[in-house]
Amino acid sequence: MLSLPTKQAEKVNLYKGIMSSIEASAGSQVSAQLEPVLKRLQQYRDNLLQVAGFRNDSVALEKLADEAKEYISIWNNISQSFTFGKTKESIDVKFTWYDSNTREKKVTTNAATERLAMLYNLAIIYSQIGANLASLPDDHFKDAANNFLKAAWILEKIKAESGGLKSPDFGLDLSEQNLHMCSYIMKAQAQYCTYEKVKLTRPDKYGLLAKLAMQGSSYYGNAYSYASTPPLCKALDPKKFTAILQFYETSYIAQAYYWDALEKQQICTNTTEGMGKAVASIRKANQYLDGMKKYEKSLAPAILNPYRELCKQLQEKRTQIENQNSKIYHENVPDSVSEIDCMPFGQPISIEAELNKPYEGQEILQRMVPPAVRELEEEYKREVGVVMGQAFDVAKRNDAAQAQLLGKFGLPAALHAVSGEQTLPEDLWQRIKQCKERGGLNGLLQTFSGVESLAENNSSTIQKLFGQLRQEEEEDQAMRAKYGSAWSRLPSNSINQTMVTQINYYKQKLEQGRAADQKVRDTMGQKKALLDLLELDRDALTARIPKSSNAAEHLSPAAAKYFHSHRRLTELLTNLDGLKKEADADTEEIIKAFEAESVSSEMTQIYQGIKDKRRVRARCP
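For every chain, the first residue of the written sequence is number 1, and numbering continues from 1 along that sequence. With pLDDT at 70 or above as the cut-off, local features in this predicted model cover only qualifying residues; side-chain atom pairs require 80 or more to be listed or tallied, and sums for whole chains, interfaces and linings still use all residues. By convention in this description, side-chain values take in all heavy atoms of the structure and omit both hydrogens and water.

Student: Give a detailed account of the overall build of the protein chain, specifying residues and quantitative values.
Tutor: What the protein chain contains, in helices and strands, is 26 helices and three strands. The burial tally for the protein chain puts 41% of its 621 residues in the buried class. Considering only intrachain contacts with a sequence separation of at least 6, the fraction spanning at least 24 residues in the protein chain is 79%. Every accessible area reported is derived by Shrake-Rupley at a probe size of 1.4 Å, with residue values counting cover from the shown protein chains alone. Carbon and sulfur atoms provide 52% of the accessible area of the protein chain, an area that totals close to 33900 Å². By definition, any uninterrupted DSSP run of H or I lasting at least four residues is a helix, any uninterrupted run of E lasting at least two residues is a strand, and each is numbered from the N terminus. To sort residues, take the accessible area from a 1.4 Å probe on protein chains only and compare it with the maximum for the residue type: under 20% means buried, over 50% means exposed, and anything in between is partly exposed. The criterion used for residue contact is that any of the two residues' heavy atoms lie within 4.5 Å.

Rendered as structure tokens:
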């Protein structure tokens, strides 16, 4: 089993820095509520810096894994609420990490780098737990494999997240190249566990063992490809680490052909054919083992001993198979051997839910978003709203132009005049019926009356909120004037800025809603004569459909010219109506998604300088 080193870091007093910031911005009451959370955060970080001392203690490693997951869960909110550095708005804290491969020192104030570094160490913890379980005398291979697959998932998550960050302060161990290599090693070691489990419980499944071994060889081969190219190859010991990867790659492919030879020998025993192919496979396995002799002087005995045992087994089987073929079957030995398929065991196991597990005090931390981030949120949503509004306006103009064009040809009403159909379409009647059940025209008018009343109440509430904030700020100013420097709390107009921004947001939404309501009222006033038709029953509405006997009266000259194509035209208009319904449904989905979208995290990363503002804005529809 390959053991990967953890990242080392210097201690930092997070508790003091964050507590001071909270007391200054939100007061002692809020800081007292968050004190237990911040103490746990500090303790977890201090503990996780000692992980190297517990590599062989699985119980301690399990506890550290739980602490790392809660640390990351808390840090997700900390990194959205606070910035670190020397600026006035930031907490004066820096993070010092050492690259696990080169020991190069990296100093950063980037909260995202702190999170990814801790995720990396969590992956190494899971890897070490897996290695410890796999080495036990009892069968713990399944649990060991699951730990390796969790580590693989974490490494792939780091790779995905780090790619979207702006100018990250990463070491080589958090580079895409190293993360790829480590992920393949984790998958290879999970594959080893499955392979050993099958060897233990079903040693006669030669074909399955061959495929599992071939997959293990593939994983180690991919890891070696990343490890042997710059700049990673310069940081890793080529005589040890990369040599071990290549050694395992070759060892597993030799084992794959060994099991392939045993399967072909077994088949021949049952069918009396195929012993020549078995000889070819065992010889190919031997060729790969011969190629591994160059490592005998450079690798540790713990790695070489299984290889030497395999050489002994293979030589015995080769002698047996070749004797059987020469004395009994007399088959020709083919020059080539068919490739063996790979069989991967499982996929990386997600621990996403554990990294976002709720904790006591989370709701308070989530509300502590800097005012500048709120302003960025509003700016982003305004820009997206403008783009969406322009797109919807274009769609409305297109609909109006389409209706005008069809109207010139008497469509779609003229089609009823030539179709001979005298019934109201079922889907249209269902919509009319639904409107009737809701009170028809009077029901619509009552709904608007209720909406207007609700809008008035909301407007009054917003004004009261503004009044309460003004009153509180005036009281703060009075106390400041009375007590001078003894009144040390932050000015109310600074603390209240977040609430003012939120109230303005809802005020803007209310005004937009009232404007939209007015447009609908105006349209209803213009279409009142048509809306009155909704009061008629189905028979009365059917009677108003143009009759085919009066076709000449209803068809315009242009439409009459295409009289013979009315069925095709009916199909096209039906399809057009279907497309419009789909477009309306898509519009509703876009609006719902936009209103539900949470952009606090990305806006915080822009504010912190982690993400590029232009790249995030490029997401505008």
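Student: How would you sum up the packing of aromatic side chains? Please name residues and give values.
Tutor: Stacked, edge-to-face and tilted labels apply to pairs of Phe, Tyr and Trp rings (six-membered ring for Trp) whose centres lie within 6.5 Å, assigned for plane angles under 30 degrees, over 60, and everything in between, in that order. One pass over the structure, following the stated rule, counts 16 aromatic pairs. Measuring from ring centre to ring centre gives 6.3 Å for Tyr184 and Tyr219, while their planes differ by 40°; the resulting arrangement is tilted. Here the residue Tyr184 occupies a position in helix H6 (residues 176–201), and Tyr219 occupies one in helix H7 (residues 206–227), the gap between them amounting to 35 residues. With relative accessibility at 21%, the residue Tyr184 sits in the partly exposed group. With a centroid separation of 6.2 Å and an interplanar angle of 20°, the aromatic rings of Tyr184 and Tyr226 are classed as stacked. A residue pair is termed long-range when its members are at least 10 positions apart, and Tyr184 in helix H6 and Tyr226 in helix H7 qualify at 42 residues. Accessibility expressed as a relative area gives 27% for Tyr226, which makes it partly exposed. Ring-pair connections join several aromatic residues into one group, and the members of that group are Tyr195, Tyr220, Phe247, Tyr248, Tyr252, Tyr295 and Tyr307.

Student: Which residues make up the side chain of Gln128, and what values do they have?
Tutor: Take Gln128: it is sitting in helix H4 (residues 111–134). Relative accessible area serves as the criterion here: at 9%, Gln128 is assigned to the buried category.

Student: Describe in detail empty space enclosed by the protein, supporting the description with residues and values.
Tutor: We place a 1 Å grid over just the protein atoms. Points where a 1.4 Å probe fits but has no way out form a cavity, open points with protein on both sides within 12 Å along at least 5 of 7 lines form a pocket, and any residue with an atom within 4 Å of a point lines it. Grid points are joined across faces, edges and corners, and a volume is the space filled by probe spheres set on the points. A full pass over the atoms with the stated rule returns one cavity of 30 Å³ or more. What lines the largest cavity is Lys7, Trp97, Lys106, Thr108, Thr113, Asp169, Phe170, Gly171 and Leu174. Classes in brief: Ala, Val, Leu, Ile, Met, Phe, Trp, Tyr, Cys and Pro nonpolar; Asp, Glu, Lys and Arg charged; the others, Gly included, polar. Taken together, the residues of the lining of the largest cavity sort by class into three nonpolar, three polar and three charged.

Student: Help me get a handle on the pattern of salt bridges, residues and values and all.
Tutor: One speaks of a salt bridge when a side-chain nitrogen belonging to Lys or Arg is within 4 Å of a carboxyl oxygen belonging to Asp or Glu. Counted by the stated rule, this structure contains 23 salt bridges. Across the pair Asp66 and Lys69 runs a salt bridge, and its minimum N-O distance is 3.5 Å. Of the two residues, Asp66 and Lys69 are both situated in helix H3 (residues 58–81); the distance of three residues between them amounts to about one turn of the helix. Looking at Asp66, the relative accessible area reads 45%, which means it is partly exposed. Two residues, Lys197 and Asp139, come together in a salt bridge whose shortest N-O distance is 2.3 Å. With Lys197 in helix H6 and Asp139 in the loop between H4 and helix H5 (141–162), this residue pair connects regions lying 58 residues apart in the sequence. A relative accessible area of 31% means that Lys197 is categorised as partly exposed. With a relative accessible area of 32%, Asp139 lands in the partly exposed category. A single salt-bridge network, built from bridges that share partners, covers Arg115, Lys157, Glu161 and Glu352.

Student: Describe unusual backbone geometry, listing the residues and the values that go with them.
Tutor: In this structure, Pro231 follows Pro230 across a cis peptide bond, with omega equal to -5°. A positive phi angle, near 65°, is found at Thr272, a position not held by glycine. With respect to the helices and strands, the residue Thr272 is situated in the loop between helix H9 (241–271) and helix H10 (275–290). In this structure Thr272 comes out as exposed when scored by relative accessible area, which is 52%. In this model, His330 sits at a positive phi of 55°, which is unusual for a non-glycine residue. Note that His330 resides in the loop between helix H11 (301–329) and helix H12 (352–355).

Student: Talk me through the sheet that holds strand S1 (residues 8–9); I want residue IDs and the actual numbers.
Tutor: Taking strand neighbours across the sheet as the criterion, the three strands line up as S1-S2-S3 in an open arrangement whose pairing is antiparallel. Since the sheet does not close on itself, it has two edges, and those belong to S1 and strand S3 (105–108), each with one partner. Each pair of strands is called paired provided DSSP finds at least two bridges between the two strands. Pairing between S1 and strand S2 (residues 95–98): two bridges, direction antiparallel. Paired with Ala9 across the two strands is Trp97, which belongs to S2.

Student: Kindly report on a negative patch on the surface, identifying the contributing residues and their values.
Tutor: On the surface, Asp399, Glu582, Asp584, Asp586, Glu588 and Glu589 cluster together into a patch of negative charge. The dominant element in the negative patch, judged by the number of residues it contributes, is helix H24 (residues 566–596), at five residues. Looking at the secondary structure, you find Glu582 in helix H24. Surface patches are drawn from residues lacking salt bridges whose relative accessible area is over 30%; two like charges belong together within 9 Å, two nonpolar side chains (Val, Leu, Ile, Met, Phe, Trp, Tyr) within 5 Å. Note on charges: Lys and Arg go in the positive column, Asp and Glu in the negative column, and His and the chain ends are not counted at all. Working definition for charges: the position is that of NZ of Lys, CZ of Arg, CG of Asp or CD of Glu.

Student: Can you lay out the environment of Ala256 for me, pointing to particular residues and giving the numbers?
Tutor: In this structure, Ala256 sits in helix H9. Relative accessible area serves as the criterion here: at 0%, Ala256 is assigned to the buried category. In this structure the C-alpha to C-alpha distance between Ala256 and Ile282, which are 26 residues apart in sequence, comes to 9.8 Å. The contacts of Ala256, once residues within four sequence positions are left out, are Ala210, Ala213, Met214 and Ile340.

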